[in-house]
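Here's the letter readout for the chains.
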Amino acid sequence: MDKKAISVHEREFLKELKDLAREKPDEIVRLIIHLARPPKNLPTVLEKRGVRVKHEYRLINAVAIETSAKMALELGKETWVVKIEEDKEVKAL
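Here goes a summary of the coordinates provided. Predicted model only: the values in this text are computed from it and were never measured. (Residues numbered from 1 in each chain as written. Predicted model: local features only at pLDDT ≥ 70, side-chain atom pairs only at ≥ 80, totals over all residues. Heavy atoms only, no water.)

## Observations concerning the pattern of salt bridges
Line of reasoning, step 1. Under the definition given, this model contains 8 salt bridges.
Line of reasoning, step 2. Its salt-bridge partner being glutamate 66, residue lysine 54 comes within 4.0 Å of it at the nearest N-O pair. A residue pair is termed long-range when its members are at least 10 positions apart, and lysine 54 in strand β2 (residues 52-57) and glutamate 66 in strand β3 (residues 62-68) qualify at 12 residues.
Line of reasoning, step 3. Overall, the relative accessible area of 36% leaves lysine 54 in the partly exposed class.
Line of reasoning, step 4. Taking the shortest distance from any N to any O, the salt bridge between arginine 58 and glutamate 56 comes out at 3.8 Å.
Line of reasoning, step 5. Residue class for glutamate 56 comes out partly exposed when judged on its relative accessible area of 36%. (Salt bridge = Lys/Arg side-chain N within 4 Å of Asp/Glu carboxyl O. Helix = DSSP H or I, 4+ residues; strand = E, 2+ residues; numbered from the N terminus. Buried < 20%, exposed > 50% of the residue type's maximum accessible area, 1.4 Å probe, protein only.)

Below you can see the structure in the form of structure tokens.
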């Protein structure tokens, strides 16, 4: 991930994720991972690493996943990961 392009909110989220991975590495987290040139067989690559792919967002080149906090940090080191954010419910007013 490009460290220069991280917003304050993203920085805070990544700190929380790192803390969680240190304290409870097996804790399940729900994330959206934004991708840049992902492997062609991305779902298979992720599933082999114990990551559950919940949804693929082809229009924004991202996937919603469930994985351990520790694995989430490992995924963040991949060259094809642009951004990691929490997958949470969004409500319209």
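## Concerning the nonpolar core
Soluble globular proteins tend to pack their nonpolar side chains together in the buried interior.
Line of reasoning, step 1. Judged by nonpolar contacts, the single largest core of 21 residues is most densely connected at Leu31, Ile33, Leu46, Val63, Ile65, Leu75 and Trp80.
Line of reasoning, step 2. Residues in contact with leucine 31, not counting those within four places in the same chain, are Phe13, Val63, Ala64, Ile65, Ala72, Ile84, Glu85, Glu86 and Asp87. (Core = buried A, V, L, I, M, F, W, Y, C linked by side-chain atoms within 4.5 Å. Contact = heavy atoms within 4.5 Å.)

## Describing unusual backbone geometry
Peptide bonds are mostly trans, and most non-glycine residues show a negative phi.
Line of reasoning, step 1. Of note in the backbone geometry, asparagine 61 takes a positive phi value of approximately 55 degrees without being a glycine.
Line of reasoning, step 2. With respect to the helices and strands, asparagine 61 occurs in the loop between β2 and β3.

## Comments concerning the sheet that holds β3
Strand pairing in a sheet is mediated by backbone hydrogen bonds. Such pairs are either parallel or antiparallel.
Line of reasoning, step 1. Here we have 4 strands laid out as an open sheet, ordered β2-β3-β1-β4, and antiparallel in their pairing. Bordering the open sheet on either side are β2 and β4 (81-86), each of which pairs with just one other strand. Going from strand to strand, the sheet's axes swing by 25 degrees on average, the running direction of each strand aside.
Line of reasoning, step 2. Here β2 pairs with β3 via 5 bridges, running antiparallel. For glutamate 56, the partnering residue across the bridge sits in β3 and is valine 63.
Line of reasoning, step 3. Across the sheet, helix α1 (residues 8-23) is in contact with β1 (28-35) and β4; its angle to β4 comes to roughly 80 degrees. (Pairing = 2+ DSSP bridges. Axes fitted to C-alpha atoms, helices over the stretch in contact; angles between N-to-C directions.)

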